[in-house]
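Each chain, letter by letter, is given below.
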Amino acid sequence: IASDEHKFVQFKLVLLGESAVGKSSIVQRFVKDSFNDFKESTIGAAFLTQTIDLDSDTTVKFEIWDTAGQERYRSLASIYYRNAQSALVVYDITQKASLDKAKYWIKELQKQASNNIVIALVGNKTDLEEERQIPTEEAQAFANEAGLLFFEVSAKSGKGIKECFREIALKMPIEE
Ligand code: GDP
């Protein structure tokens, strides 16, 4: 007998990465489809939700934790990624050092987060192509080796943002 029940699932997603790489801008683009050029940094943690339809009978709700101020409150970060089913580790394609910081957070997650957490490495600010310092292939190769999803996006133009969250949602365990 075919089921006509609509599946509704909820997942916790955390954002990690160096300050100013665009974590809250990515969330703002995904949740509100908007962007601020001169936004003030979030202090503390921001919590937002967004719901997407994966297909006609599956709805996914993301509970998004934007862990701002990690530089100062590094020891608190584990509180955010504990119980998270997914993590976006963000770097800025125009800032070489931000990829090193992303690698640090990935190590942390692999040590301390749930074993089956889905981690995506996300290179932001692709609208600044002329200032790029990190080749796509370099980050892609690292992601492949570490078993991560990989995306390049622009919170400013919106390019790649929806696809990124959708791909993560598709990796989530959805019971029949
Ligand atoms: P966070 O500290 O990681 O949350 O970073 P923010 O979201 O606060 O962004 C830091 C700065 O980068 C802000 O001035 C944003 O306007 C800018 N920014 C964020 N995303 C992009 C992007 O995709 N392209 C460009 N050009 N600037 C961005």
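The coordinates are above.
Residues numbered from 1 in each chain as written. Predicted model: local features only at pLDDT ≥ 70, side-chain atom pairs only at ≥ 80, totals over all residues. Heavy atoms only, no water.

Caption draft 1: Structural context of the overall build of the protein. Along the backbone of the protein there are five helices and six strands. Each helix and strand of the protein, placed in order from N terminus to C terminus, yields the pattern β-α-β-β-α-β-α-β-α-β-α. For the protein, the proportion of contacts with a sequence separation of at least 24, taken over those separated by at least 6, is 72%. (Helix = DSSP H or I, 4+ residues; strand = E, 2+ residues; numbered from the N terminus. Contact = heavy atoms within 4.5 Å.)

Caption draft 2: How the structure looks around the site of the ligand. The environment of the ligand is made up of 19 residues, and the closest members are Lys23, Ser24, Ser25, Lys39 and Asp127. Ser25 has a polar side-chain atom sitting 2.7 Å from an oxygen atom of the ligand. In this structure, Asp37 approaches the ligand through a main-chain N or O atom, which is 3.1 Å from an oxygen atom. In terms of residue count, the dominant contributor to the shell around the ligand is helix α1 (residues 23-32) (three residues). (Near = heavy atom within 4 Å. Polar contact = N/O pair within 3.5 Å; in protein donor to acceptor, adjacent residues only side chain to side chain.)

Caption draft 3: Geometry of the packing of helix α3 (residues 96-112) against helix α4 (residues 136-146). Two elements in contact, α3 and α4, have axes whose closest approach is 12 Å; the angle formed by their N-to-C orientations is 10°. It follows that α3 is roughly parallel to α4 by the angle criterion. Residue-level contacts link Lys96, Leu99, Lys103, Ile106 and Gln110 of α3 to Glu138, Phe142 and Ala146 of α4. When its residues are assigned to classes, the contact of α3 with α4 shows four nonpolar, one polar and three charged. (Axes fitted to C-alpha atoms, helices over the stretch in contact; angles between N-to-C directions. Parallel < 35°, antiparallel > 145°, perpendicular 65-115°, else oblique. Nonpolar A, V, L, I, M, F, W, Y, C, P; charged D, E, K, R; others polar.)

Caption draft 4: The arrangement of α1 in detail. Summarising burial for α1: nine of the ten residues are buried, a large majority. For α1, the full list of buried residues reads Lys23, Ser24, Ser25, Ile26, Val27, Gln28, Arg29, Phe30 and Val31. Of the residues trailing α1, Asp33 is marked for its positive phi of about 50°. (Buried < 20%, exposed > 50% of the residue type's maximum accessible area, 1.4 Å probe, protein only.)

Caption draft 5: Structural view of the nonpolar core. Counting 29 residues, the largest nonpolar core has Ile26, Phe62, Ile64, Leu88, Val122, Phe165 and Ile168 as the members making the most contacts within it. At the level of elements, β1 (7-16), α1, β2 (45-55), β3 (58-67), β4 (86-92), β5 (118-124), β6 (149-152) and α5 (161-171) are the ones that each hand at least two residues to this core. Of the residues forming this core, the biggest block, five residues, is contributed by α5. Not counting the four nearest positions on each side in its chain, Ile26 is found in contact with Leu88, Val90, Val122, Asn124, Val153, Ala155, Ile161 and Phe165. Counting 23 residues, the second-largest nonpolar core is a separate cluster that includes Val14, Ala84, Val89 and Ala143. (Core = buried A, V, L, I, M, F, W, Y, C linked by side-chain atoms within 4.5 Å.)

Caption draft 6: Quick look at α3. Between its first and last C-alpha, α3 extends 25 Å over 17 residues, near the 24 Å set by a 1.5 Å rise per residue. Taken together, the buried positions of α3 are Ser98, Leu99, Lys101, Ala102, Trp105, Ile106, Glu108 and Leu109. (Expected span 1.5 Å × (residues − 1).)

Caption draft 7: Representation of the pattern of salt bridges in the model. Taken as a whole and judged by the stated rule, the model has seven salt bridges. Across the salt bridge formed by Asp37 and Lys156, the nearest N and O atoms sit 3.3 Å from each other. Within this pair, whereas Asp37 is found in the loop between α1 and β2, its partner Lys156 is found in the loop between β6 and α5, the two being separated by 119 residues in sequence. A residue is classified by how much of its surface remains accessible, and Lys156, at 40% relative accessible area, is partly exposed. One salt bridge in this structure joins Glu129 and Arg132, with 2.8 Å as the shortest N-O distance. Here Arg132 falls in the partly exposed class, since its relative accessible area comes to 22%. (Salt bridge = Lys/Arg side-chain N within 4 Å of Asp/Glu carboxyl O.)

Caption draft 8: Representation of the pairing of β4. Within β4, seven of the seven residues are buried, which leaves the element mostly enclosed by the surrounding structure. Two elements, β1 and β4, share four bridges in a ladder whose sense is parallel. When the bridges of β4 are listed, Leu13 appears paired with Ser86. Where β4 lies against β5, seven bridges are found, and the strand directions are parallel. Along β5, the bridge assignment pairs Ala87 with Ile119. In this region the chain leaves β4, passes through α3 and returns to the parallel neighbour β5; the handedness of that crossover is right-handed. (Pairing = 2+ DSSP bridges. Right-handed = clockwise from strand over helix to strand, strands pointing away.)

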